[in-house]
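Residue-level structural notes
This is what each chain is made of:
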Amino acid sequence: MSTATTTTSAPAPSVGTGHTRVEGRDKVTGAARYAAEVPFAGLAHGWLVLSTIARGRIRSLDTESVLAMPGVLAVLDHRNAPHLNTDYTGLLGLRPDPTCAVFQHDRVPHLGWPVALVVAETSEQAREAAEALVVHYEQQPHDVELTGNHPDAHPVDGHEPAVTEKGDLDARLASSAFVVDVEYTTPEEHHNPMEPHAATARWDDGRLEVTDSNQGVTWVAGELQNLFSLDPASVRVRSEHVGGGFGSKGVRAHQVAAVMAATLLQRPVRVALTRRQMFALAGHRSPTVQRVRLGADADGRLRALEHRSVSRTSTVYEFVEPSAGVARVMYDADAHHTANHVVPLDVPSPTWMRAPGEAPGSFALEAALDELAEKCGIDPIELRLRNEPETGPVSGLPFAGRYLAACFREGARRFGWADRDSRPGVRREGRWLLGTGTAAASFPAGSAPSTASATAHPDGTFTVRISAADIGTGARTALALIAADALQVSPERIRVRIGDSDFGPAMIAGGSMGTRSWSWAVKAAAGELRERLALGTDIPAQGLTVRSDTTEAVQALGPAERHSYGAQFAEVAVDVTTGEVRVRRMLGIFAAGRIVNPLTARNQLLGGMVWGISMALHEEAARDRASGGVVGADLAGYHVATHADVPRLEADWIEDTDPDDPVGIKGVGEVGIVGAAAAVANAVWHATGVRHRSLPIRPDRVLAAAAGAPDA
């Protein structure tokens, strides 16, 4: 045995200083393996066969000839697949998405629905056989078109109530000096993380082990336990390195299919999705149709606010894109009405996508605020400052630090907003019209119970274990810094192990709650370990371990409106002869709590802002009415912003403290995209004098507007 070998004087704090990623070298050298790269002895490969119709039934499958093809081991479909249990409540109190319950019936609810899995010795053999499988269908009429007045639209409670109302909206609108009543639309969008989805399942001595690319091993393990009616101790999920997720990497069809095949064949089976398959199987952000009505008095103070959103869901699962929820936090009015409706259509199930609700909702609300500012003759920033609420507009709860006004003031100073000529269409540089715009941002700062362990080793090093997921955000590094400060040692002495469900339950990487929730658990475990070491506790050869569980601490946190905030600023140039829109510079100033690692935090904020530019100008999945599928389901047909589209981009933050918050950390992964598209759209109006209420602002829409056509 030995005693602790901590430093005699505590090193300088690690949290708050920039650190490169602890796994950075492994990533760039290829030592860090992604899910589809982990080797297994005796590995077989599965290839999903997707439906070629948008609605109907499977009449038959010609599997005999496929089973006779070289290397083919099995074909799974609804006739021979094991029964799955879908009658349970999963993580965060959510019902399971039936989309992942594959091969349970002969119904086809959308184009790209999994109808079979072909398993073969090699990936090439599996693909060839899958493409040779003939499926006979009974085709039925389908509908994939979302409209704001669709007769099947109905309210749905998601992770927040569908409808909130207070005050007499019509009366307040009628008595308002200025009224804005406009409709905004956003298109279908897709996640497209760098690493496609992949999972390998195998049975080892009666225990199911899944090596996966996901946003939470606790989540995936729990869903697989429930779906296959397994004992929790008999399932282990590992996901060490993840190349992006953005909300798409939960429980999907490929993981379930891999488990089915591994169970049947009693050997490891890997199922990986192609980029094209991801457009049908990985979820997406629903298009939205949003109506915003604002009424203000002569001083620009809101007296009426209505934000209604209609989004699309599938016929097998009700998922709501809660775009109207933005208004419930941002602005108050005497009459305040919000509603989220969905329309079930013959499309794949939408899912969480970076800033779900906030990203499209902030475009509509912040663009409408800009239109109101124009009508009132008030500067857009001043209008927002005049409408800062004292408490939560819907909840009535106090704000645990609301620094939005400070973000606007600092951003305006650094952007040079005071020099802006408010008149639209007056700045020109050659063939380019120039304009600037701004918008507000917010995103909830939630937390969820998590467990973690911290181990002191005789050699003076420490190991932290937690079922966290680093989906490219730098979570590993952030947790190492948190642990180092709690133990009062340098980060080099900390080893962080993540992505293993055997480490115990922990929050997923989602909702900007990951780092906040995990840090709480890591700090608690490391802090108690240090206390024990300070008392002279011996360290045995196997190490001294302390385990934490933050369930009680999270539940004891007082109710309040906790959010990250931001002010987005954009300058654009518009060529009215070609319709091209270029973002010349963009600035985001954020209030995001305690910044753990400035280097990776800034990367996350910048990434969100780039995605906001992409949302404003490029991203749009067009769905063919005839086939029901996405046109150009690849990165050649689905356009995203790249480095060349962003010449000058800057993100920074101001001090944001909450004395009642024991963690002080807020999420930065999602607030960066919120308001970004609105800032760009508002800048396009300032450049041209024409409002674009439908995203993306494509060249053809700019040209149509320049020609005097109605907004497209």
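This text follows the structure it describes.
Residues numbered from 1 in each chain as written. Predicted model: local features only at pLDDT ≥ 70, side-chain atom pairs only at ≥ 80, totals over all residues. Heavy atoms only, no water.

Now for helix α15 (residues 598–617). Between the first and last C-alpha of α15 there are 28 Å, a value that for 20 residues agrees with the 28 Å anticipated at 1.5 Å per step. Buried residues dominate α15, accounting for 14 of its 20 residues. (Helix = DSSP H or I, 4+ residues; strand = E, 2+ residues; numbered from the N terminus. Expected span 1.5 Å × (residues − 1). Buried < 20%, exposed > 50% of the residue type's maximum accessible area, 1.4 Å probe, protein only.)

What follows is about the packing of aromatic side chains. Scanning the model with the defined rule gives seven aromatic pairs in all. An angle of 85° between the planes, with centres 4.8 Å apart, marks the rings of Phe 246 and Trp 611 as edge-to-face. Remark: Trp 611 occurs in helix α15 and Phe 246 occurs in the loop between β12 (235–238) and α6 (253–265); sequence separation between them is 365 residues. A residue is classified by how much of its surface remains accessible, and Phe 246, at 30% relative accessible area, is partly exposed. Relative to Phe 569, the ring of Trp 417 has its centre 5.8 Å away and its plane inclined at 70°; by these criteria the two rings are edge-to-face. Taken together, the positions of Trp 417 in the loop between α11 (404–415) and β17 (427–429) and Phe 569 in strand β23 (residues 563–575) put the pair 152 residues apart, joining distant regions of the chain. What links up through ring pairs into an aromatic cluster is the set Phe 408, Phe 415, Trp 417 and Phe 569. The positively charged end of Arg 402 is found above the aromatic ring belonging to Phe 399, 4.8 Å away from the centroid. The cationic tip of Arg 691 hangs over the ring face of Trp 685; the distance from NZ or CZ to the ring centre is 4.1 Å. (Phe/Tyr/Trp six-rings, centres within 6.5 Å; stacked < 30°, edge-to-face > 60°. Lys NZ or Arg CZ within 6 Å of the ring centre and 35° of its normal.)

Glancing now at the sheet that holds β23. If you trace the five strands from one edge of the open sheet to the other, you get β17-β18-β23-β24-β25, paired in mixed fashion. With partners counted over all chains shown, the strands left at the sheet margins are β17 and β25 (648–653), one partner each. Each neighbouring strand pair of the sheet contributes to a mean axis angle of 25°, computed without reference to strand direction. With eleven bridges joining them, β23 and strand β24 (residues 580–591) adopt antiparallel strand pairing. Bridge pairing links Asp 575 to Glu 580 in β24. (Pairing = 2+ DSSP bridges. Axes fitted to C-alpha atoms, helices over the stretch in contact; angles between N-to-C directions.)

A word on unusual backbone geometry. That bond from Leu 695 to Pro 696 is cis: its omega, -5°, falls within 30 degrees of zero. Checked against the element boundaries, Pro 696 lands in the loop between α16 (676–688) and α17 (699–706).

So, on to the pairing of β24. The side chains of a regular strand alternate, residue by residue, between the two faces of the sheet. Among the twelve residues of β24, nine are classified as buried, and the element is accordingly described as predominantly covered. Here β24 pairs with β25 via six bridges, running parallel. Looking across to β25, one finds that Met 586 is bridged to Leu 649. The handedness of the β24 to β25 crossover, carried by α15, is right-handed. (Right-handed = clockwise from strand over helix to strand, strands pointing away.)

Time to look at the packing of α15 against α16. Axis separation between α15 and α16 bottoms out at 7 Å; the angle between their running directions is 50°. Taken together, the axis directions place α15 and α16 in an arrangement best described as oblique. Relative to α16, the crossing made by α15 is right-handed. Contact residues: Met 609, Gly 612, Ile 613, Met 615, Ala 616 and Leu 617 in α15; Ala 676, Ala 677 and Val 680 in α16. In terms of residue class, the contact of α15 with α16 is made up of eight nonpolar, one polar and no charged. (Parallel < 35°, antiparallel > 145°, perpendicular 65-115°, else oblique. Left-handed = near helix turned anticlockwise from the far one by under 90°. Contact = heavy atoms within 4.5 Å. Nonpolar A, V, L, I, M, F, W, Y, C, P; charged D, E, K, R; others polar.)

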